[in-house]
Amino acid sequence: MKILFIPNWNVKHLDTDDIRIQAPDKKVTGSKYWFFKYFPDETTVDIIDIGKKSSFQKLEQKIKFYIVQPIKAFKQRNKYDIVISHGAQSGLVYELLTSFVKIKPKHLMFDIGGLNGARINNFETPLIKFALRKNPYIIVHSSEQLSLYKNSYPNLSKNAHFIPFGADVEYFSTNNHKTPLKKTIVSFGYLKRDYTTLCNAFIASNKTDITLYIIGDDSLQSDYANHPNIVFLKRIPLKELIEHILQSWAVVVPLPVFNYSYGQMSFLQSMAMKKALIVTKTPSSQDYIKNTKGIIGVSPYNVDDMIKAIETITNKTSAEIKEMGEENYRVVSQFFNEKNMATQIYNYIITSIT
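Residues numbered from 1 in each chain as written. Predicted model: local features only at pLDDT ≥ 70, side-chain atom pairs only at ≥ 80, totals over all residues. Heavy atoms only, no water.

Visitor: Would you mind going over the environment of methionine 271 with me for this structure?
Guide: Locating methionine 271 in the fold gives a position in helix α11 (residues 264–272). As for methionine 271 and valine 331, which are separated by 60 residues in sequence, their C-alpha atoms are 8.1 Å apart. (Helix = DSSP H or I, 4+ residues; strand = E, 2+ residues; numbered from the N terminus.)

Visitor: Please clarify how a positive patch on the surface should be interpreted in this entry.
Guide: A surface patch of positive charge is lined by Lys53, Lys58, Lys62 and Arg235. Topologically, lysine 58 is positioned in helix α1 (residues 55–63). (Patch = residues over 30% accessible without salt bridge, like charges linked within 9 Å, V, L, I, M, F, W, Y side chains within 5 Å. Areas by Shrake-Rupley, 256 points an atom, 1.4 Å probe, with all protein chains shown as cover. Salt bridge = Lys/Arg side-chain N within 4 Å of Asp/Glu carboxyl O. Lys, Arg positive; Asp, Glu negative; His and termini not counted. Charge placed at Lys NZ, Arg CZ, Asp CG, Glu CD.)

Visitor: Can you walk me through α11 in this structure?
Guide: In an α-helix, one turn spans 3.6 residues; hence positions three or four apart end up facing the same way. Buried residues dominate α11, accounting for 8 of its 9 residues. Where α11 is concerned, the buried positions are Gln264, Ser266, Phe267, Leu268, Gln269, Ser270, Met271 and Ala272. (Buried < 20%, exposed > 50% of the residue type's maximum accessible area, 1.4 Å probe, protein only.)

Visitor: Please clarify how the sheet that holds strand β10 (residues 211–215) should be interpreted in this entry.
Guide: Across a sheet, paired strands are connected by hydrogen bonds in the backbone, their directions being either parallel or antiparallel. Pairing in this open sheet of 6 strands is parallel, and the strands run β11-β10-β9-β12-β13-β14 from one edge to the other. The sheet terminates laterally at β11 (230–233) and β14 (295–298), the two strands that pair on one side only. Looking at each pair of strands side by side, their axes are set apart by 20° on average, direction ignored. Two strands pair when backbone bridges link them, and strand β13 (residues 277–280) and β14 are joined in this way by 4 bridges, in the parallel orientation. Bridge pairing in β14 links threonine 280 to valine 298. Each of β9 (184–188), β10, β11 and β12 (250–253) is contacted by helix α9 (residues 195–205), which is oriented at about 170° to β10, the strand it contacts most. α11 contacts β9, β12, β13 and β14 of the sheet and is inclined by roughly 165° relative to β13. (Pairing = 2+ DSSP bridges. Axes fitted to C-alpha atoms, helices over the stretch in contact; angles between N-to-C directions. Contact = heavy atoms within 4.5 Å.)

Visitor: I keep staring at the layout of surface pockets and nothing clicks. Help me out?
Guide: A probe as big as a water molecule, rolled over the atoms, marks out the empty space that is left. Of the voids in this model, the second largest pocket is the one considered here, and its volume is about 470 Å³. Together, 18 residues line the second largest pocket, and Asp17, Ile19, Lys26, Asp168 and Tyr171 are the ones closest to its centre. When contributions to the lining of the second largest pocket are tallied by element, the ones reaching two or more residues are β3 (26–28), α8 (169–172) and α10 (238–247). Here the residues of the lining of the second largest pocket sort into 8 nonpolar, 1 polar and 9 charged. (1 Å grid on protein atoms, 1.4 Å probe; cavity = no way out; pocket = protein on both sides within 12 Å on 5 of 7 lines; lining within 4 Å. Points joined across faces, edges and corners; volume = space filled by probe spheres on them. Nonpolar A, V, L, I, M, F, W, Y, C, P; charged D, E, K, R; others polar.)

Visitor: Whenever I open this one, the packing of aromatic side chains confuses me. Can you help?
Guide: The full count for this structure, using the stated rule, is 21 aromatic pairs. When the centroid spacing of 6.3 Å and the interplanar angle of 65° are considered together, the rings of phenylalanine 5 and tryptophan 34 count as edge-to-face. Taken together, the residues phenylalanine 5 in strand β1 (residues 2–7) and tryptophan 34 in the loop between β3 and β4 (44–47) connect sequence positions 29 residues apart. The two residues phenylalanine 5 and tryptophan 34 agree in class, both being buried. Measuring from ring centre to ring centre gives 6.2 Å for tyrosine 33 and phenylalanine 36, while their planes differ by 20°; the resulting arrangement is stacked. (Phe/Tyr/Trp six-rings, centres within 6.5 Å; stacked < 30°, edge-to-face > 60°.)

Visitor: Any chance you could explain the sheet that holds strand β8 (residues 160–162) here in plain terms?
Guide: Spatially, β4-β1-β5-β6-β7-β8 is the arrangement adopted by the 6 strands of the open sheet, whose pairing is parallel. The outermost strands of the open sheet, each flanked by one partner alone, are β4 and β8. When strand polarity is set aside, the average angle formed by the axes of neighbouring strands in this sheet is 25°. Contacts from helix α3 (residues 88–98) reach β1, β5 (82–86) and β6 (106–110), with the element oriented near 155° to β6.

Visitor: Help me understand empty space enclosed by the protein, please; the structure alone is not making it clear to me.
Guide: Counted under the stated rule, the structure contains 1 cavity of 30 Å³ or more. Size it by volume and the largest cavity reaches roughly 90 Å³. Forming the walls of the largest cavity are 13 residues, and the residues nearest its centre are Gln22, Pro24, Asp168, Gln269 and Glu338. Counting residues per element, the ones that place at least two in the lining of the largest cavity are α8 and α11. In the lining of the largest cavity, the residues fall into 8 nonpolar, 3 polar and 2 charged.

Visitor: Teacher, can you tell me more about the pattern of salt bridges here?
Guide: Two side chains of opposite charge can pair, provided their charged atoms sit close to one another. The final tally for this structure, using the stated rule, is 6 salt bridges. A salt bridge links aspartate 18 to arginine 20; the nearest nitrogen and oxygen atoms lie 2.9 Å apart. Lysine 32 is the salt-bridge partner of aspartate 41, the closest N and O atoms lying 3.6 Å from each other.

Visitor: Looking at this structure, how should I read the pairing of β5?
Guide: For a regular strand, side chains alternate in direction, first toward one face of the sheet and then toward the other. Of all 5 residues in β5, 5 are buried, a share of seventy percent or more. Side chains Ile82, Ile84 and His86 of β5 all project onto a buried face; the interleaved residues Val83 and Ser85 project onto the opposite face, where all are buried too. As judged from the 5 bridges shared by β1 and β5, these two strands associate in the parallel manner. Across the sheet, isoleucine 3 pairs through a bridge with isoleucine 82, a residue of β5. With 5 bridges joining them, β5 and β6 adopt parallel strand pairing. Counted as the bridge partner of isoleucine 84 is leucine 108 from β6. Between the parallel pair β5 and β6, the chain is carried across by α3, and the sense of this crossover is right-handed. (Right-handed = clockwise from strand over helix to strand, strands pointing away.)

Visitor: Just checking my understanding: could you explain helix α14 (residues 318–334) for this structure?
Guide: Between its first and last C-alpha atoms α14 spans 24 Å; for 17 residues at 1.5 Å apiece the expected length is 24 Å, and the two agree. Listed in full, the buried residues belonging to α14 are Ile321, Met324, Gly325, Glu327, Asn328, Tyr329, Val331 and Val332. Residues of α14 that are buried sit in contact with α8, α11, β13, β14 and α13 (303–314). (Expected span 1.5 Å × (residues − 1).)

Just geometry here; none of it tells us what the structure is for.
Following this line, the structure appears as structure tokens:
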């Protein structure tokens, strides 16, 4: 099978591996790319990414879809058995272009952001419906997102399929890591985080012996400047972030509510690092955290719920915290790993698409 992959990010092409870069962001010469390494050996994958930063790419990002990349993919499409786009920003324009021609491979689109942030309006929605009128195949990482197609894009519903996201457990595993725990709680991410609820709950919990680190977004720093136990850090290198996570007592992933996939890598990777977790119960997280004993789920925007979760997790013994982490590692290793995701994607392609 020959695959053309068009992701809505930039992929570095390397002669030798760089472990500081996560698998989706690099293609190493002589090695298979990302989850495709679990596809049959005869599979080949070519990548057309969004390209280097430019003034035109800034325009593309403002209008929230890419133009140059899909045009390149459209021109090369017939060299491949299937085109896989990752993100509607890349997939929409490609699908629109191919809707006017008869000769084309099947198109599988990973819809991470709900096509248009799951927004439905009288201007944008008809345009999206027109672009997708030929019904591409769709994979989502949140089962609740399937309701979006059923209610607003019924023609896409029959081709939309839920497959859980799978973390690179081996990369983030801490099997041999002996980092001693510190009295810190870590929360990280610079997009789609409800840090206001977390900070207000942390202050109300009055945990003077615990420091809360918020990493990746310091936009609220001035709002909480008078609280010495809340530390804001800008985006830091992955290796440094991992060290903060490994040393922490627990990780908190506070999420707002959207009907699409976000935040999943953060809590799944933390699970792979054997961390106890507090995670907001949202459409994006519910498939992964329900009935998981190492995770305390909290209601969205609920300060009281977050206070209780912080008090519960900080009052546990180190042995109990480690037990929660081990349980999370077991769950992510068994159910939400990269190989499982790849196997399900391949089976879906073989049975439903090609």
